[in-house]
Amino acid sequence: MNQINNPGLEKFDISDYNGSSGVNFYEQDKILQRMVDRYSSFFTQDHRKDMHNHLSAYGNLLGGILNDLTLASHKEGKYGEIKKYDSVGNRIDEIIYSEEQLQSRKISYDYGVVNLDFHKSWNHSFPYIHRYALAYLMNLNGEGGVSCPLAMTDGLISALKQIGTDEQRNKYLPLIAGEGSSSHFMCGQYVTERVGGSNVGANRTIAIKQENGKWKLIGEKWFCSNPGDLWVTTAKMEGTNTIGMFLVSRFKEDGSLNEHHLLRKKDIIGSRGKLTAEIIYDGVEAEELGRTSHGIVNLIRIIIKASRIHVGLGACGNSRRAIMEASAYSKFRTAYGKNIHTFPAYKSQLVELQILQSICTISNFRMVYHAEQNTKLQDLLIPLMKYKASSLASYICKSAMLCLGGNGIIADFSPIPRLLNDSIINESWEGTHLIISDHCMHALGKDKVRKEWNEELSANIKLASSIQVFSDLIVFFHNLLTKWEELFSNSKQWKDANRLFIIDKTYEIFSLSLIIQEAACQYDKQNKIHFYYEHQEEIYQDIAYAYKEILEFGVGAYKAPKGIFMNQDKLDRLLEYLS
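Given the structure is predicted, the values throughout are model-derived calculations rather than measurements.

Caption draft 1: Geometry of the overall build of the protein chain. A count of helices and strands for the protein chain gives 18 helices and 11 strands. Radius of gyration (C-alpha) of the protein chain: 25 Å, near the 25 Å computed for a compact globule of 579 residues. Projected onto its principal axes, the C-alpha coordinates of the protein chain cover approximately 85 × 75 × 50 Å. Of the contacts formed within the protein chain by residues at least 6 apart in sequence, a portion of 74% connects residues at least 24 apart.

In structure tokens form, the structure reads like this:
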């Protein structure tokens, strides 16, 4: 009797599918390369070359070994656990991570992702465009147990540089930023208490001044992100309502465990690679970080600022990877004899996701520019990008998941389910939407912020305003801006009830002005503009007009009969360029 081969076990369309594993995440991302070119235009030639090489090599690591380590460390039995006691019953309150997680942290730390300016072999400065391009790239593997600790380590390094004493800088910077340190992104933030997170003034933890100049903290913290070697925390100074910001080391100077106890591990839905815990302060020894009377101010302007920047760029990285996976899948998967990306509806949706992610990335790097320049406009742009990037990432990751059909919901088929959960965490971390939108509205109420906002928009559309091909875009932009300005004539109560709507429109205007600028700069090649691009692809005009359609009709909505989304040649070009 002849043996019959089982047809269900034969090779099929996605038998050799491997997603975007093995890809150089930097070299494939043309939008990121364009942003790096733009914001490094004034660097020396050697600096630009070395930075590009550094980013490219990291992109290769991320698509290779770091991708593999992230996958291996995000499985049951591999997540971090709290070890409260040693073998003879001594309290140690230690976090035990898998070898894969430890190796992943070490590779990125040793590569200089947070501390390149501390590397003796690096002969240049470490500006924001380089620092945050690395952070963006890291998040293409999701939070991964590394990017959240990176954000907190970055914030603490910045705080020590800006407001730390000479003694604190000399003592702690070698630990958390020094080349060759064994503390790999082991800085944390312990601010939130059971009574609330965003309202730091409601903290119940108290700080008692000691004769030796240090402080003793008594209380609890509800969210302790990345328990490790050193952390920032807040407490109310005894007998006052003033919140101070403090620095706490896991160990005292005599080597004994500082007076704190990790209670339990949080069972959170995302960002599971790094551990989040609850903690009790039972007289923990702390040092003031900056003037204690300026605790909340310094927390917001240094620590939370850094975290929100990382959330915005991280969310862009999450959504970028989700789109890469959906795009790669569409080239393998067939239906009715054709690759699924050839179906107009599928192609249109994928390009729409790519455009939303690309423009969000462009907008976030503009925010990074303003943060580095310390402009007043950063007070608006940092919370605005934190809100919009994280909310867009959740939408994009969910949509990309659906692009994979039933395979999209399988956690070991692609990283998209993990990316989606990480994106949801980003929406909550450092302020939910209502909190963030309130901060945006407060910034828009400042005259200096509005002045710089108007100057930014005018500068962004200036070149395009003189080019006929962009006339429809300019008219559309001014109509949006006029309607936006009219919103502020409503009552305070109305503006408060509609603040998410107002902030959504704020983002639309800002992001549209930026893509108009990008399109105009590539169109007018002979114009001597104030920044330089290596890449002058004539595709940004199509991106700008496609974005206009999205803003005019809505996401996933009506497509104009003669618009970009009905032109299959343009869609094919966009799909290839933005994949």
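What follows continues from the structure just given.
Caption draft 2: Region of the structure containing the pattern of salt bridges. Counted according to the given criterion, the structure contains 36 salt bridges. In this structure, the salt-bridge partner of arginine 131 is aspartate 154, at a minimum N-O distance of 3.3 Å. Here arginine 131, found in helix H5 (residues 128-138), pairs with aspartate 154, found in helix H6 (residues 147-163); they are 23 residues apart in sequence, far enough to count as distant. Judged by relative accessible area, aspartate 154 falls into the buried class, the value being 6%. Where glutamate 220 meets arginine 194, a salt bridge forms, and the shortest distance between an N and an O atom there is 3.8 Å. On the criterion of sequence distance, the pair formed by glutamate 220 in strand E5 (residues 215-225) and arginine 194 in the loop between strand E3 (187-190) and strand E4 (206-209) is long-range, its members being 26 residues apart. Accessibility expressed as a relative area gives 10% for glutamate 220, which makes it buried.

Caption draft 3: Highlighting the packing of aromatic side chains. In total, this model carries 17 aromatic pairs according to the counting rule given. Here tyrosine 190 and tryptophan 231 contribute two aromatic rings whose centre-to-centre distance is 4.5 Å and whose plane-to-plane angle is 25 degrees, an arrangement assigned as stacked. Here tyrosine 190, found in strand E3, pairs with tryptophan 231, found in strand E6 (residues 230-237); they are 41 residues apart in sequence, far enough to count as distant. Relative accessible area serves as the criterion here: at 1%, tryptophan 231 is assigned to the buried category. The structure contains a cluster of three or more aromatic residues connected by ring pairs, namely Tyr17, Tyr329, Phe332 and Phe413. The residue whose ring lies beneath lysine 30 is tyrosine 577, and the NZ or CZ to ring-centre distance is 5.4 Å.

Caption draft 4: Local environment of the nonpolar core. Formed by 150 residues in total, the largest nonpolar core has its most connected members in Ile355, Phe365, Leu512 and Tyr547. Ignoring any residue separated from it by four or fewer positions in sequence, one finds leucine 512 in contact with Leu473, Phe476, Phe477, Leu480, Tyr547 and Leu551. Counting residues in hydrophobic clusters, the runner-up holds 20 residues, among them Cys224, Phe246, Leu275 and Val284.

Caption draft 5: Looking closely at the side chain of serine 394. The topology assignment puts serine 394 in helix H10 (residues 378-403). With a relative accessible area of 10%, serine 394 lands in the buried category. Among the polar contacts listed, one links the side chain of serine 394 to the side chain of glutamate 427, at a separation of 2.5 Å. Here serine 394 is in contact with Leu420, Ser423, Ile424 and Glu427, once residues within four sequence places are set aside.

Caption draft 6: Here's a closer look at helix H4 (residues 99-111). The end-to-end C-alpha distance of H4 is 18 Å, a good match for the 18 Å that 13 residues give at a rise of 1.5 Å each. Against the buried residues of H4 lie helix H2 (45-63), helix H3 (65-73), H5, H6 and helix H7 (166-176). Of the residues trailing H4, glycine 112 is marked for its positive phi of about 95 degrees.

Caption draft 7: View of the state of the cysteines. This model, assessed by the stated rule, comprises zero disulfides. For cysteine 521, which is in no disulfide, the shortest distance to another cysteine sulfur is to cysteine 360 and amounts to 20 Å.

Caption draft 8: Inspection of the packing of H10 against helix H11 (residues 416-428) at higher detail. Running from N to C, H10 and H11 cross one another at 155 degrees; their axes reach a closest spacing of 8 Å. When the axes of H10 and H11 are compared, the pair comes out roughly antiparallel. For the pair H10 and H11, the sense of crossing is left-handed. Side by side, H10 and H11 meet where Lys386, Ser390, Ser391, Ala393, Ser394, Cys397, Lys398, Ala400 and Met401 of the first sit next to Ile416, Pro417, Leu419, Leu420, Ser423, Ile424, Asn426, Glu427 and Ser428 of the second. Taken together, the residues that form the contact of H10 with H11 break down as nine nonpolar, six polar and three charged.

Caption draft 9: Expanded view of the pairing of E6. When you tally the buried positions in E6, you get eight out of eight residues, the bulk of the element. In the sheet, E3 pairs with E6 via four bridges, with the strands oriented parallel. Counterpart to glycine 188 in the pairing with E6 is tryptophan 231. Relative to E6, E4 is paired through two bridges, and the arrangement is parallel. Paired with alanine 207 across the strands is methionine 237, a residue of E6. Relative to strand E7 (residues 243-249), E6 runs antiparallel, the two sharing seven bridges. Bridge pairing in E7 links leucine 230 to serine 249. Hairpin connection between E6 and E7: a loop of five residues separates the two successive antiparallel strands, and glycine 239 in this loop has a positive phi of roughly 80 degrees.

Conventions we followed
Residues numbered from 1 in each chain as written. Predicted model: local features only at pLDDT ≥ 70, side-chain atom pairs only at ≥ 80, totals over all residues. Heavy atoms only, no water. Helix = DSSP H or I, 4+ residues; strand = E, 2+ residues; numbered from the N terminus. Rg over C-alpha atoms; globule rule 2.2 N^0.38 Å. Contact = heavy atoms within 4.5 Å. Salt bridge = Lys/Arg side-chain N within 4 Å of Asp/Glu carboxyl O. Buried < 20%, exposed > 50% of the residue type's maximum accessible area, 1.4 Å probe, protein only. Phe/Tyr/Trp six-rings, centres within 6.5 Å; stacked < 30°, edge-to-face > 60°. Lys NZ or Arg CZ within 6 Å of the ring centre and 35° of its normal. Core = buried A, V, L, I, M, F, W, Y, C linked by side-chain atoms within 4.5 Å. Polar contact = N/O pair within 3.5 Å; in protein donor to acceptor, adjacent residues only side chain to side chain. Expected span 1.5 Å × (residues − 1). Disulfide = S-S within 2.5 Å. Axes fitted to C-alpha atoms, helices over the stretch in contact; angles between N-to-C directions. Parallel < 35°, antiparallel > 145°, perpendicular 65-115°, else oblique. Left-handed = near helix turned anticlockwise from the far one by under 90°. Nonpolar A, V, L, I, M, F, W, Y, C, P; charged D, E, K, R; others polar. Pairing = 2+ DSSP bridges.

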